Amino acid sequence: MRLSTLRHACRNLPTPSVHQPRTGVRVFGLAKSSLPLGPSSNSQLLLRAASSVSGTTSAEKAPKLGKQTDGPGYENTISFSCRENVQRTKEEMVALQRGHPALKPTLAIIQADEDDRLLELNKKMAGKIGLNVTQICLPRECTEDEIIEEVLKLNEDPRVHGVYLHLPPASLTSRVLNTLRPEKDVDGVSDLNVGRLVRGDMNQGFIPPLANAVMELLARHDTPMEGRTVLVVGGEGPLGVALQCLMQRRGMVVLHSRRISEVLQKQANAVVLLAAGHMDVPPTWLRPGTAVIHCGSALMTDHGMEMSVVGPLTAALRMQNVVQSSSRWAQGQQYRPWTLRSLKLQPLSPVPSDIEISRAQTPKPVDQLAQEIGLLQEETEAYGRTKAKVRLSLLDRLREQPDGKYVVVAGITPTPLGEGKSTVVIGLVQALSAHLKLNSFACLRQPSQGPTFGVKGGAAGGGYAQVIPMEEFNLHLTGDIHAITAANNLVAAAIDARMLHEATQKDKALYSRLVPSVNGVRRFSPIQIARLRRLGISEIDPSALTPQEVSSFVRLDLDPAKVTWQRVVDTNDRFLRKITVGQASTEKGHVRETQFDIAVASEIMAILALADGLGDMKTRLGRMVVGSSRSGQPVTAEDLGVSGALAVLMKDAIKPTLMQTLEGSPVFVHAGPFANIAHGNSSVLADKLALKLVGEDGFVVTEAGFGADIGMEKFFNIKCRASGLRPNVVVLVATVRALKMHGGGPNVSAGSPLPREYIDENLSLVVKGCSSNLRKQIQIAHLFGVPVVVALNVFKTDTQAEIDLVCQMAKESGASDAVPCHHWARGGRGSVELAQAVKQAGSQPSHFQFLYSQETPIVEKIRMIAQKVYGADDIELSPEAQAKIDYYNQQGYGKLPICMAKTHLSLSHLPEKKGTPTGFTLPIRDIRASIGAGFIYPLVGTMSTMPGLPTRPCFYDIDLDPVTEEITGLF
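Residues numbered from 1 in each chain as written. Predicted model: local features only at pLDDT ≥ 70, side-chain atom pairs only at ≥ 80, totals over all residues. Heavy atoms only, no water.

**A few points about the pattern of salt bridges**
Stated formally: The rule for a salt bridge is simple: a side-chain nitrogen of Lys or Arg has to be within 4 Å of a carboxyl oxygen of Asp or Glu. In this description a helix means any DSSP run of H or I spanning at least four residues, a strand means any run of E spanning at least two, and both kinds are numbered starting from the N terminus. Buried residues are those whose accessible area, probed at 1.4 Å on protein chains only, stays under 20% of the maximum for their type, while exposed residues exceed 50% and partly exposed ones sit between those limits.
Within this structure, the stated rule accounts for 41 salt bridges. Of the charged contacts in the structure, one is a salt bridge between Arg359 and Glu471, with a shortest N-O distance of 3.2 Å. One end of the pair, Arg359, is in helix α11 (residues 354–360); the other, Glu471, is in helix α16 (residues 470–474), and 112 residues separate them in sequence. Here Arg359 falls in the partly exposed class, since its relative accessible area comes to 31%. Of the residues examined, Glu471 reaches a relative accessible area of 14% and is grouped as buried. In this structure, Asp652 engages Lys655 in a salt bridge whose closest nitrogen and oxygen atoms are separated by 3.1 Å. Lys655 sits in the buried class, given a relative accessible area of 13%.

**With respect to empty space enclosed by the protein**
Here is the rule: Here a cavity denotes a set of grid points, spaced 1 Å apart and computed over the protein atoms alone, in which a 1.4 Å probe fits but from which it cannot get out, and a pocket denotes an open set meeting protein on both sides within 12 Å along at least five of seven lines; residues with an atom within 4 Å of a point are reported as lining. Grid points are joined across faces, edges and corners, and a volume is the space filled by probe spheres set on the points. Polarity classes work like this: nonpolar for Ala, Val, Leu, Ile, Met, Phe, Trp, Tyr, Cys and Pro, charged for Asp, Glu, Lys and Arg, and polar for all others, with Gly in that last group.
The full count for this structure, using the stated rule, is one cavity of 30 Å³ or more. In this model, the largest cavity occupies a volume close to 30 Å³. Residues belonging to the lining of the largest cavity are distributed by class as follows: four nonpolar, two polar and two charged.

**Thoughts on the nonpolar core**
A general tendency of soluble globular proteins is for nonpolar side chains to be buried together. Rules: To qualify as a nonpolar core, a set must consist of buried Ala, Val, Leu, Ile, Met, Phe, Trp, Tyr and Cys residues joined through side-chain atoms within 4.5 Å. Contacts are assigned to residue pairs with any non-hydrogen atoms lying within 4.5 Å of each other.
Counting residues in hydrophobic clusters, the biggest one holds 146 residues, and the most contacted among them are Phe441, Leu658, Phe668, Phe716, Leu774, Val790 and Leu922. Top contributing element to this core by residue count: helix α17 (residues 480–504), with nine residues. In contact with Leu774, other than residues within four places in its own chain, are Ile412, Leu732, Ala734, Leu739, Gly769, Val790, Val806 and Ala810. Within the second largest apolar cluster, 39 residues are counted, among which are Val409, Leu477, Val669 and Val733.

**Brief notes about helix α29 (residues 800–812)**
Operational definition: Multiplying one less than the number of residues by 1.5 Å gives the expected span of a helix.
The first and last C-alpha atoms of α29 sit 18 Å apart over 13 residues, in line with the 18 Å expected at 1.5 Å per residue. Taken residue by residue, α29 has Glu802, Ile803, Leu805, Val806, Cys807, Met809 and Ala810 as its buried positions. Following α29 by one or two positions, Gly814 has its phi on the positive side, about 115°.

**Structural notes on the packing of helix α28 (residues 763–783) against α29**
Selection rule: Interaxial angles span 0 to 180 degrees and are taken between N-to-C directions of axes, which are lines fitted to C-alpha atoms, for helices over the stretch in contact. Take the far helix as the reference: if the near one is turned anticlockwise from it by less than a right angle, the crossing is left-handed, and if turned clockwise, right-handed.
It is at 10 Å that the axes of α28 and α29 come closest, and there the two elements cross at 30°. The hand of the α28/α29 crossing is right-handed. Mapping the contact onto sequence places Leu763, Val766, Val767, Cys770, Ser771, Leu774, Arg775 and Ile778 in α28 and Ala801, Glu802, Leu805, Val806, Met809, Ala810 and Glu812 in α29. Considered class by class, the residues forming the contact of α28 with α29 number 11 nonpolar, one polar and three charged.

**Structural notes on unusual backbone geometry**
Here the bond from Ser349 into Pro350 is cis, since omega is 0°, no more than 30 degrees from zero. Within the chain, Lys437 stands out as a residue other than glycine whose phi angle is a positive 60°. Turning to its location among the elements, Lys437 is positioned in the loop between α14 (421–435) and β14 (440–444). For Ala671, which is not a glycine, the phi torsion comes out positive at approximately 65°.

**Brief notes about the packing of aromatic side chains**
We count it as follows: Aromatic rings from Phe, Tyr and Trp, with only the six-membered ring used for Trp, were paired whenever their centres fell within 6.5 Å, and each pair was classed as stacked if the ring planes differed by under 30 degrees, edge-to-face if by over 60, and tilted otherwise.
Within the structure shown, the criterion is met by 13 aromatic pairs. Between Tyr511 and Phe553, the ring centres sit 6.0 Å apart and the planes meet at 85°, which makes this aromatic pair edge-to-face. Here Tyr511, found in helix α18 (residues 507–514), pairs with Phe553, found in helix α20 (residues 547–554); they are 42 residues apart in sequence, far enough to count as distant. Here Tyr511 and Phe553 have matching classes, each one buried.

Written out as structure tokens, the structure reads:
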């Protein structure tokens, strides 16, 4: 059938009901009721096995009553059909709720009519089945847009499983009908559902209840359905189309007429009257035994109520569709096997630039990717064509789904150039997905704008192991870092404003402004009531507080010298490392020194990476300590009254961003905490979502920042402690270049040519590097009981002898396996050997353990990390560090894990000490706390939280073509 025909059918849908105009919404529960069933006149009894929605018979055991013309016989037929369908649907309902106890199948009815009688019939039938009913009442003169507004709300309401449009015929326009989601269109009147019926594809569609009722009654007649001639009078809309399809599928011959015709009716074995209005059929026009089904007329029942003959049966079948819709919904909530379509790569030699490779590949639309990996339509929020936010409701939907294998990629101590952990992550996932056909997910950090425009460049991977589009990955993405910047700076503004107002106002004036009178009423906000409770004040009437209580409430008494909260910006700007604020005359001399950090160094970024949900994030944001009072008490963001606003700014940032690799494998990009003063790992939520999506036999590959001594140690002791997740495999990335450096090679610096030692074969340097740094990093992983696979990221200057030597020595040092990787030049195909090694290691038991207990004192935690991980002889605490430890113990923070702030360029605190330094004492010059994030971070040496720009930053090469809007220069 043509689409235009279907649209025409929808425009002319008949509605046999009239209702009272009402406004508002009424919700009905599960009340049971009995239904009056009306007799017919002038029609013959119909009885045989009825067609169900699936096309099978539903009344095989029904008694055949033969040919009857008396009213009670016809009434009994409909009664039997109703009872049978109601009983079957109730049984389906019980089975459905047994498997899904929390599910409450619900029918929503949009009403805009003058007569409640048919409406009440449907509500009573729903009560018999056990359905919930929600009624939306609109005035009869409501507009099309008003109806559509209600339909759109119901479309998005996950509690509603079916929608019945109980509207005047003029209101049932094609636009209204096709606004309704097909999966909730239990009357089967949208173009898509009618089209599915025409095509014979009813796995997702619905048969219109009235059409199904007619077929049920025809099936109960003595005359076989196949070969029967049926005259259909009226029915030019979706109902007529559906009925014709159903009849022809059962082998019937269908005749159509706009009006009753003696000639046509004498040819028919059955007559179906679909037209509205009362239509009498003279008995002389009918052949003996002809069945007559009157769908549109109103007949008087024994109860004095006018009702269409098939009304009760139609209502019963409508409820059957609602239960079926609920069942489909419940099935749709289950885990969905992947149907991932990999993208083909055709690697070129020599390898083009990263951006040229990215642009040469056409990514899949993100909605297609989401569908391939089992995400539901309502679980994604598209940001353009190639990226989307994923809602956290997925975790609840798949809470019973077993997790996949959890793989963390770390590295040996890197050179300043980096050793390619991100490319290894992407290459490994491409190999697992596209070549071994295993479900796999990459979880990466979001890159900061600072290095992108500074010296390092982007972080989308490189060569033929990239996240695409790389421009979108490296620039803004979905705005998470901007949200963090806004939230962080809101706290900073609140701090300075509060200190100013407290310093310039008396208690009474401050109190009247903090708790103002609005329309003559003063009341505390919820966040202010929470502060009162923390102060031990139970009173909630602002006028009832004592002067002392008022003073305690309004005075945070922040010490300007002890404010620890800084402003942030996502740009490398060395001149913001120390600033002075409050110099304007309006600030009345309240000048203080402060600084800017780079945005990814904000505690809010660390919270984003460690939170396990919106509620947890809000709680963590509230307990962030921004400074101390003059009496030495910690002051939190919740004390400032800003935590609720922070949660609002971060509500979308908490959702991971879905992207894809060059070969179409899924990637979550989420969070990117500074890897020195924070833990330097992507988010807990991204990992949890991915582990559910890949399934029990799948793999999630995530990256830890810097070397194994920093990023991996923090991944285990902080991230895994917070998430409850346990890793199965460590992939340790090494390069011949870095091993030569640790073996005694000359210094390597960004922007300078590599010395000859790194270009020419030098097995001696490789041996020394493997014996020192590589061996030590493998031992660090074994401290936590996790098997290690070494991934040697191969560069074109590496010789085969050097490659073989590294792999051999890695295995001798305790690695489960060690393999060369060529993903940069070949994509996933170049990491198949690594993927096989990871699969094998993942099948082995993991005996994961933490390095220390939470109960271990702060000093001992620091000492254990220094000695067991770094190889130090001992630690040395400065007086300031010791004082901070005493303070944190007093405040109850002693059980928090430790996040060491140390250089990533050496196992020690001295960047120039390569290999495996020994015989040193680790100095702890200061200790700070990120209470919201949930860790204490000792400062080892001097840590800069605001990078600076080099003489020639990357932005010299970045440009935009104003005609094509193409970006150049990113790498």
